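Fold and contact review
Residues per chain, in single letters:
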Amino acid sequence: MIQETIITIISALFILAGLIFFLGAAMGLLRFPDFYTRMHAAGKGDTLSSLLVVLGFAIYQLHDFTSIQSDWPVILVIFKLLAICTFIMITSPTSTHALMNAGWEDDIEPEVKGKEANDLAKDFPEK
Amino acid sequence: MKWLALLAVCATGSLLIYGVSDFPDWGSANSPANGGVEGAGASISEVFIEETETLTKVPNIVTAVLADYRGYDTMFETVVIFAAGMAIFAIIRVMRDTEQTQDKTQLDSSVDGDHQRIIVGTTCRILIPVIQLFALYVVAHGHHSPGGGFQGGVILGASFILIGLAGNLETAMQRFSEKQFVSMACIGIFIYAGFGLLGQFLGGDFLEYGVLQKVLLTDGEPMARSHSMLGVEIGVALTVTAIMFAIYANLASKGELKNGL
């Protein structure tokens, strides 16, 4: 009984933290000034928050777990959720990177205070 | 010619709308699906829900309905996908040799991975085997859990599209050439129709899977139906995979199948 309560609370904390980061990502997407900073908010915030939420689900699965022999379907669900975590962790930053790269190749100018701050332009002087 | 096409579309549309008047009322308790036809026993839904498991040994009723009870319909759904691919092939595939427009240096840098491509390329190298394995799982497990030929085929096709998007179309075409995907699409249809015809040769109806027990050497007719559904799903998956990639390859390269996106 006490084990169930503790695990429910831990998973709720994970999911709440994920939701807070989701809120941050959504606000960043709306409020940041240019394409690159918006993608930064969406990429970082979405990755971390979906990871936290899915991890919260995985922890919640443990709440009526007694032994490996009798509860192997629970283990299977946890394994699938962890697989989703890995998948998100690999794909989400990559898609953000690819979008940013496409934006740079399409000559979207980043918002900078003075041209010196744009280090990427120094790396690609031909642009 | 345009007016003729418009006339044909309007005629077909009005026939379809006319057919709606024969439908049972919305939510009617006496429709064949809910209440059954008078004097014909239990309704269709009841039969599907109660007897699918014993008659076909397939826990997933959706797949049983899709691949067995209305297998004829699903066969032509697959043919529709095949026809869509062939239509795109017929409309935009350019058969004459066009000169190589892309300069070689640009092509090489994207294959060998300059630093802009290295992240995307590495991610694809890690993920594509997993995606393809998952696609095969979805196909093979279609009659036990959600999934099946269409879904698995789309995932498998998407993995090849991902190769094309991450590198370039040539890289993807090296792994899945035009000859391969066109013949794969045909083989898929052939497998499906072959299961139907095999049933006829063994004395049953077209797509009657129960009689295939003599060929599949299974333990009773229900198991034969289960295995035949798997075979049919594999056929669907082959066609869908090939057509998905064929559509992408043709659209992305304006029908030249080189210098894609």
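Further up the page is the structure itself.
So, a few notes on the structure that sits alongside this text. (Residues numbered from 1 in each chain as written. Chains lettered and ligands numbered in written order. Predicted model: local features only at pLDDT ≥ 70, side-chain atom pairs only at ≥ 80, totals over all residues. Heavy atoms only, no water.)

The subject of this paragraph is helix α4 (residues 71–92) of chain B. All names here are of chain B. A rise of 1.5 Å per residue sets the reference length of α4, with its 22 residues, at 32 Å; its end C-alpha atoms lie 32 Å apart and thus fit the reference within 8%. For α4, the complete set of buried residues consists of Gly71, Thr74, Met75, Thr78, Phe82 and Gly85. Here the buried residues of α4 occupy an arc of 115° about the axis, which is enough to place them on one side. The exposed residues of α4 that point more than 90 degrees off its buried face are Tyr72, Val80, Ala90 and Ile91. Next to the buried residues of α4 lie α3 (61–69), α7 (149–166), α9 (178–201) and α11 (221–252). (Helix = DSSP H or I, 4+ residues; strand = E, 2+ residues; numbered from the N terminus. Expected span 1.5 Å × (residues − 1). Buried < 20%, exposed > 50% of the residue type's maximum accessible area, 1.4 Å probe, protein only. Arc of directions from axis to C-beta. Contact = heavy atoms within 4.5 Å.)

In many analyses, interface size is given as the accessible surface area lost on bringing the parts together. Counting residues at the interface gives nine residues for chain A and seven residues for chain B. Both faces considered, chain A and chain B share a buried interface measuring about 790 Å² in area, 69% of it formed by carbon and sulfur atoms. At the boundary of chain A and chain B, one finds zero salt bridges. Our enumeration of links across chain A and chain B arrives at one residue pair in polar contact (both at pLDDT 80 or more). Here the side of chain A that touches chain B is built from residues that sort into four nonpolar, four polar and one charged. (Buried area = accessible area lost by both parts, 1.4 Å probe. Salt bridge = Lys/Arg side-chain N within 4 Å of Asp/Glu carboxyl O. Polar contact = N/O pair within 3.5 Å; in protein donor to acceptor, adjacent residues only side chain to side chain. Nonpolar A, V, L, I, M, F, W, Y, C, P; charged D, E, K, R; others polar.)

What follows deals with the packing of α9(B) against α11(B). Residues and elements named next belong to chain B. Running from N to C, α9 and α11 cross one another at 155°; their axes reach a closest spacing of 8 Å. When the axes of α9 and α11 are compared, the pair comes out roughly antiparallel. The interaxial crossing formed by α9 with α11 has left-handed handedness. Counted together, Phe181, Met184, Ala185, Ile187, Gly188, Ile189, Ile191, Tyr192 and Phe195 of α9 and Ser228, Gly231, Val232, Gly235, Val236, Leu238, Thr239, Thr241, Ala242, Ile243, Phe245 and Ala246 of α11 form the full contact between these two elements. Broken down by class, the residue content of the contact of α9 with α11 amounts to 15 nonpolar, six polar and no charged. (Axes fitted to C-alpha atoms, helices over the stretch in contact; angles between N-to-C directions. Parallel < 35°, antiparallel > 145°, perpendicular 65-115°, else oblique. Left-handed = near helix turned anticlockwise from the far one by under 90°.)

Three- or four-residue spacings in an α-helix give side chains the same orientation, since the helix completes a turn every 3.6 residues. Residues and elements named next belong to chain A. Taking 1.5 Å per residue, 30 residues should reach 44 Å; helix α1 (residues 2–31) reaches 43 Å between its end C-alpha atoms and fits that length. Of the positions making up α1, those classed as buried are Ile7, Ser11, Gly18, Ala25 and Gly28. Lining the buried residues of α1 we find α2 (35–60).

What follows covers the nonpolar core. All names here are of chain B. The biggest cluster of nonpolar side chains holds 26 residues, and the ones touching the most others in it are Met173, Phe176, Phe181 and Phe245. Mapped onto this core, the elements with two or more residues apiece are α6 (118–140), α7, α8 (169–175), α9 and α11. If you tally residues by element for this core, the top one is α11, at seven residues. Apart from the residues lying within four places of it in its own chain, the contact partners of phenylalanine 245 are Phe160, Ile161, Ala172, Met173, Phe176 and Phe181. Counting residues in each nonpolar core, the second largest holds 14 residues, with Ala67, Tyr209, Val232 and Val240 among its members. (Core = buried A, V, L, I, M, F, W, Y, C linked by side-chain atoms within 4.5 Å.)

Here we come to the pattern of salt bridges. Residues and elements named next belong to chain B. Taken as a whole and judged by the stated rule, the model has four salt bridges over all chains. Arginine 225 is paired through a salt bridge with aspartate 68; the nearest N and O atoms lie 2.7 Å apart. Residue arginine 225 is found in helix α11, and its partner aspartate 68 is found in helix α3; the two are separated by 157 residues along the sequence. For the pair arginine 225 and aspartate 68, one class covers both residues: buried. A salt bridge links aspartate 73 to arginine 70; the nearest nitrogen and oxygen atoms lie 3.7 Å apart. Note on aspartate 73: relative accessible area 41%, which makes it partly exposed. On the basis of relative accessible area, arginine 70 is assigned to the partly exposed category, the value being 28%. Through salt bridges with shared partners, a single network forms among Arg70, Asp73 and Glu77.

It is worth stressing that arrangement in space is one thing and function is another; only the former is reported here.
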